[in-house]
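# Notes for the structure review
The lines below spell out each chain.
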Amino acid sequence: MDTGDTAWLLTSSALVLFMTPGLALFYGGMVRSKNLLAMLMKNFVAMGVVTVTWIVVGYSLAFSSDWQGWGIVGDLDLFALGELGTGTELGLGNAIHGLTIPDNAFMVFQMMFAIITPALIAGAVAERMKFSAWVAFIAIWSIVVYAPMAHWVWGGGFIGADIKAIDFAGGLVVHINAGAAALALILVLGRRLGWRRTAIRPGALPLTVLGAGILWFGW
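Every value quoted in this text rests on a predicted model; they were computed, and no experiment measured them. (Residues numbered from 1 in each chain as written. Predicted model: local features only at pLDDT ≥ 70, side-chain atom pairs only at ≥ 80, totals over all residues. Heavy atoms only, no water.)

Before going further, it helps to spend a moment on the overall build of the protein chain. Across its full length, the protein chain carries eight helices and zero strands. Starting at the N terminus, the α and β elements of the protein chain follow one another as α-α-α-α-α-α-α-α. Over its C-alpha atoms the protein chain spans a radius of gyration of 18 Å, differing by no more than 12% from the 17 Å that the globule rule assigns to 219 residues. For the protein chain, the spread of C-alpha atoms along the principal axes amounts to about 60 × 35 × 30 Å. (Helix = DSSP H or I, 4+ residues; strand = E, 2+ residues; numbered from the N terminus. Rg over C-alpha atoms; globule rule 2.2 N^0.38 Å.)

Structure (structure tokens):
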């Protein structure tokens with residue numbers, strides 16, 4: 001293990017985590033004042049919900065041994081992180097073999113992206129989705145969609161292993177993934193009530209500017 005590499009990875013993890021409240025401010029400033037707190041909480045709750053889903057099953061589906069060798073999803077060898085760091089997690093060799101960082105530090109780093117990706121979707125459902133429905137959605141989506149996609153690209157799945165696509169900044173796993181989910185949600189939910197009949201003005205654009213600065217800094 002290299003202490004410098006580990007320290008930098010943990011610093012990077014903190015920067016990505018910092019981006020989630022930055023994203024909350026970025027989105028929150030663009031909704032009406034009455035919905036500002038709801039938008040902030042939709043982003044913040046992702047930090048709690050996805051931490052649980054990632055530790056229990058998401059990380060295993062993304063970075064455990066390839067299930068059936070199809071390159072689609074990992075198995076449950078790392079369920080609840082039970083085998084993490086024991087040297088038995090064969091799937092990790094495909095993704096980070098040869099790196100000089102502890103497995104648990106890598107897990108934390110990946111968790112930060114698992115948190116901010118569903119949070120990115122929140123802007124698409126602004127003022128149109130109940131908080132309880134949002135919590136249920138991100139819990140399910142992080143397991144059913146995000147974790148397999150992370151496996152495809154970063155965990156030894158078919159996109160990384162067979163197609164040889166390289167995704168260092170999350171263009172596939174984070175941005176295209178979140179964008180597709182956002183498009184699907186707006187098609188299902190439809191337009192906001194009062195669209196083109198009621199003035200829908202941003203409530204606090206200075207918060208948006210502050211959030212943009214935090215996102216820029218974190219990235």
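It is the contact of helix H2 (residues 36–63) with helix H4 (residues 103–121), at a shortest axis distance of 8 Å, that shows an interaxial angle of 130°. Between H2 and H4, the angle is such that the two are oblique. Relative to H4, the crossing made by H2 is right-handed. Contact with H2, carried on its side by Asn43, Ala46, Met47, Val50, Thr51, Trp54, Ile55, Tyr59 and Phe63, involves Asp103, Phe106, Met107, Gln110, Met111, Ala114, Ile115, Pro118 and Ala119 of H4 and no other residues of that element. Looking at the contact of H2 with H4 residue by residue, the class counts come to 14 nonpolar, three polar and one charged. (Axes fitted to C-alpha atoms, helices over the stretch in contact; angles between N-to-C directions. Parallel < 35°, antiparallel > 145°, perpendicular 65-115°, else oblique. Left-handed = near helix turned anticlockwise from the far one by under 90°. Contact = heavy atoms within 4.5 Å. Nonpolar A, V, L, I, M, F, W, Y, C, P; charged D, E, K, R; others polar.)

All right, on to the side chain of Asn177 then. Here Asn177 is to be found in helix H7 (residues 171–189). A relative accessible area of 9% places Asn177 in the buried class. Not counting chain neighbours up to four residues away, the residues in contact with Asn177 comprise Trp141, Val145, Tyr146, Met149 and Leu172. (Buried < 20%, exposed > 50% of the residue type's maximum accessible area, 1.4 Å probe, protein only.)

What the rule picks out here adds up to 13 aromatic pairs. The interplanar angle of 70° and the centroid separation of 5.7 Å between the aromatic rings of Trp54 and Tyr59 together place this pair among those described as edge-to-face. Each of the two residues, Trp54 as well as Tyr59, counts as buried. Note on Tyr59 and Phe63: the rings are 5.3 Å apart at their centroids and 35° apart in plane angle, and the pair reads as tilted. Within this pair, Tyr59 and its partner Phe63 are both found in helix H2, separated by four residues, close to a single helical turn. In terms of burial, Tyr59 and Phe63 fall into one category: buried. (Phe/Tyr/Trp six-rings, centres within 6.5 Å; stacked < 30°, edge-to-face > 60°.)

Our next topic: the pattern of salt bridges. Overall, the coordinates contain one salt bridge when judged by the stated rule. Two residues, Glu127 and Arg32, come together in a salt bridge whose shortest N-O distance is 3.2 Å. Here Glu127 is found in the loop between H4 and helix H5 (131–153), whereas its partner Arg32 is found in the loop between helix H1 (3–28) and H2, with 95 residues between them in sequence. (Salt bridge = Lys/Arg side-chain N within 4 Å of Asp/Glu carboxyl O.)

A few words on the nonpolar core. Core analysis: the largest hydrophobic core is formed by 54 residues, its most contacted members being Trp54, Tyr59, Ile121, Trp134, Phe137, Tyr146 and Trp154. Broken down by secondary-structure element, the contributors of at least two residues to this core are H1, H2, H4, H5 and H7. Top element by residues in this core is H4. It accounts for 12 residues. (Core = buried A, V, L, I, M, F, W, Y, C linked by side-chain atoms within 4.5 Å.)

Moving on, we get to the packing of H4 against H7. Running from N to C, H4 and H7 point in directions that differ by 35°, and their axes come no closer than 8 Å. In this structure, H4 meets H7 at a crossing whose hand is right-handed. Where H4 abuts H7, its residues Phe113, Thr117, Leu120 and Ile121 lie against Val173, Val174, His175, Ala178, Ala181, Ala182 and Leu185. Classifying every residue of the contact of H4 with H7 gives nine nonpolar, two polar and no charged.

This part is about H4. Here H4 contains 19 residues, and its C-alpha end-to-end distance of 28 Å stays within 8% of the 27 Å for a straight helix at 1.5 Å per residue. Of all 19 residues in H4, 16 are buried; the element is thus mostly enclosed. (Expected span 1.5 Å × (residues − 1).)

Tracing the backbone through its elements, the reader meets Ser60 in helix H2. Here Ser60 falls in the buried class, since its relative accessible area comes to 1%. Setting aside residues no more than four positions away along its own chain, Ser60 makes contact with Gly74, Asp75, Leu76, Asp77, Leu78 and Phe79.

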